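# Architecture and fold: a report
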Amino acid sequence: MNQSPSKSLLSIEGMTKHELEEILELTDTFDEIGRRPIPKVPALRGRTVATLFFEDSTRTRLSFETAARRLSADTMSFSAGSSSLSKGESIRDTVEVIEAYGADLLVVRHPAAGTAQRIDNWTNASVINAGDGCHEHPTQALLDAYTLRKHKGSLEGLRIAIVGDILHSRVARSDVLAFSMLGAEVVLVAPPTLLPPSIEGWPVEISYNLDEILPTIDVCYLLRVQNERINEGLIPSVREYVTDYGLNVKRASALPKDALICHPGPTNRGIEIEAAVAADPRSVILDQVANGVSIRMAILFLLLGSGRNLMEDADVGADQ
Ligand code: CP
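Residues numbered from 1 in each chain as written. Predicted model: local features only at pLDDT ≥ 70, side-chain atom pairs only at ≥ 80, totals over all residues. Heavy atoms only, no water.

A tally of helices and strands in the chain yields 12 helices and nine strands. Here the C-alpha radius of gyration of the chain, 20 Å, is about what a compact globule of 320 residues would show, namely 20 Å. Referenced to the eigenvectors of the C-alpha coordinate spread, the extents of the chain come out at roughly 55 × 45 × 35 Å. Counting over 320 residues, the chain shows a buried share of 52%. A separation threshold of at least 6 residues defines the contact pool for the chain, and within that pool the share at least 24 residues apart is 73%. For the chain, the exposed surface amounts to about 13500 Å²; the carbon and sulfur share of it is 50%. Within the chain, the 43 negative side-chain charges are centred at a point lying 5 Å from the centre of the 31 positive side-chain charges. (Helix = DSSP H or I, 4+ residues; strand = E, 2+ residues; numbered from the N terminus. Rg over C-alpha atoms; globule rule 2.2 N^0.38 Å. Buried < 20%, exposed > 50% of the residue type's maximum accessible area, 1.4 Å probe, protein only. Contact = heavy atoms within 4.5 Å. Areas by Shrake-Rupley, 256 points an atom, 1.4 Å probe, with all protein chains shown as cover. Lys, Arg positive; Asp, Glu negative; His and termini not counted. Charge placed at Lys NZ, Arg CZ, Asp CG, Glu CD.)

Printed below as a string of structure tokens:
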């Protein structure tokens, strides 16, 4: 993986297509384990995974904790809101405390870009970036790619529209890199104010018109409208956004019959996606959630596994 090959996963940027494919292939093994009556193997017995969340989360945190438990790792959970950060303790001291308790791997979410990288520089433990500000959310991109691969066989040649607040989205940044590396054609659809100013060099097409794009795509990937952006004056009003970019039933009928509808969650029903569209048979939003556990099992195993050649030896342990 990027930076030091077996220590941490901090971004999609810097990874190779081969590394992405390796993780996706290994995930099939953990997906199978997840469907067993007792979805648990002893692969990471004796190892400790700590989740350090300085920002709220439902999916990422629960899926990492579930993944760690399915691999028989011990877990430790740190939440900024109920910690000694409120007494003035620094992040660095917090990391040293958690490492002193024996954590082998830290899953880190923080509102500031680059925090996971900084923590990685301070610790001997492995670090996984679970979202750093507007920068990257690499494990989301991997679970998204895995979900598309499961439904479509491959991302090669798929035309994928990512719709919404690209400017502030770490998911969009990681997805663009992963999807394009895996052979997809990516279209960013957003009002000009929600696109990054320096988009040159991104491997993408740009559109301001969702209605024109819908009939041409294989995947419609919607992003959450972040309410705080309305206060910044980047969207005139929610109503105007919904009118131009909300995926309602009428718009969804313009998508090809075999198109997929994705969303990283949490969704704002009635804003970027109508409730009936979230329940459309083409919606794979809950598959994304479920696949999040399998992909995170694969990543934990790759970072904390015994150093065997995992792709040749997928013997991750018998049922317990
Ligand atoms: N997709 C995602 O990161 O969701 P959470 O904020 O619930 O973790």
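There is more to say after this.
What follows covers the site of the ligand. Close contacts around the ligand come from S57, T58, R59, T60, R109, H137, Q140, P264 and G265, and that covers them all. Here an oxygen atom of the ligand and a side-chain polar atom of S57 are 2.6 Å apart. Contacts to the ligand include T58, whose backbone N or O atom sits 2.9 Å from an oxygen atom. For the ligand, the protein covers 91% of the area, taking 250 Å² as the surface of the free molecule. Partitioned by chemical class, the residues of the shell around the ligand number one nonpolar, six polar and two charged. (Near = heavy atom within 4 Å. Polar contact = N/O pair within 3.5 Å; in protein donor to acceptor, adjacent residues only side chain to side chain. Nonpolar A, V, L, I, M, F, W, Y, C, P; charged D, E, K, R; others polar.)

In this section: the sheet that holds strand β6 (residues 185-189). Within the open sheet, the five strands sit side by side as β7-β6-β5-β8-β9. Their pairing is parallel. Each edge of the open sheet is held by one strand with a lone partner, namely β7 (204-207) and β9 (260-262). Averaged over neighbouring strand pairs, the angle between their axes works out to 20 degrees when direction is ignored. Taken together, the four bridges between strand β5 (residues 159-163) and strand β8 (residues 219-222) define a ladder with parallel strand orientation. Within the sheet, the bridge partner assigned to V163 lies in β8 and is L222. Across the sheet, helix α6 (residues 170-181) touches β5, β6, β7 and β8, and the angle it forms with β5 is around 170 degrees. (Pairing = 2+ DSSP bridges. Axes fitted to C-alpha atoms, helices over the stretch in contact; angles between N-to-C directions.)

At a minimum axis distance of 8 Å, the contact between helix α5 (residues 138-152) and α6 shows a crossing angle of 50 degrees. Taken together, the axis directions place α5 and α6 in an arrangement best described as oblique. Crossing of α5 against α6: the hand is right-handed. Only V171, S174, D175, A178 and F179 of α6 make contact with α5, whose side of the interface consists of P138, Q140, A141, D144, A145 and L148. (Parallel < 35°, antiparallel > 145°, perpendicular 65-115°, else oblique. Left-handed = near helix turned anticlockwise from the far one by under 90°.)

Moving on: the packing of aromatic side chains. Centre distance and the angle of the planes are the two values used to describe a pair of aromatic rings. On inspection of all chains with the given rule, the structure shows four aromatic pairs. Arranged with centres 5.3 Å apart and planes meeting at 55 degrees, the rings of F54 and F78 form a pair that is tilted. Of this pair, F54 sits in the loop between β1 (48-53) and α2 (59-70) while F78 sits in strand β2 (residues 74-79); the two residues are 24 residues apart in sequence, bridging distant segments of the chain. Note on Y241 and Y245: the rings are 5.5 Å apart at their centroids and 35 degrees apart in plane angle, and the pair reads as tilted. Here Y245 and Y241 lie together in helix α9 (residues 238-245), a separation of four residues that amounts to about one turn. Taken as a pair, Y241 and Y245 share a single burial class, namely buried. (Phe/Tyr/Trp six-rings, centres within 6.5 Å; stacked < 30°, edge-to-face > 60°.)

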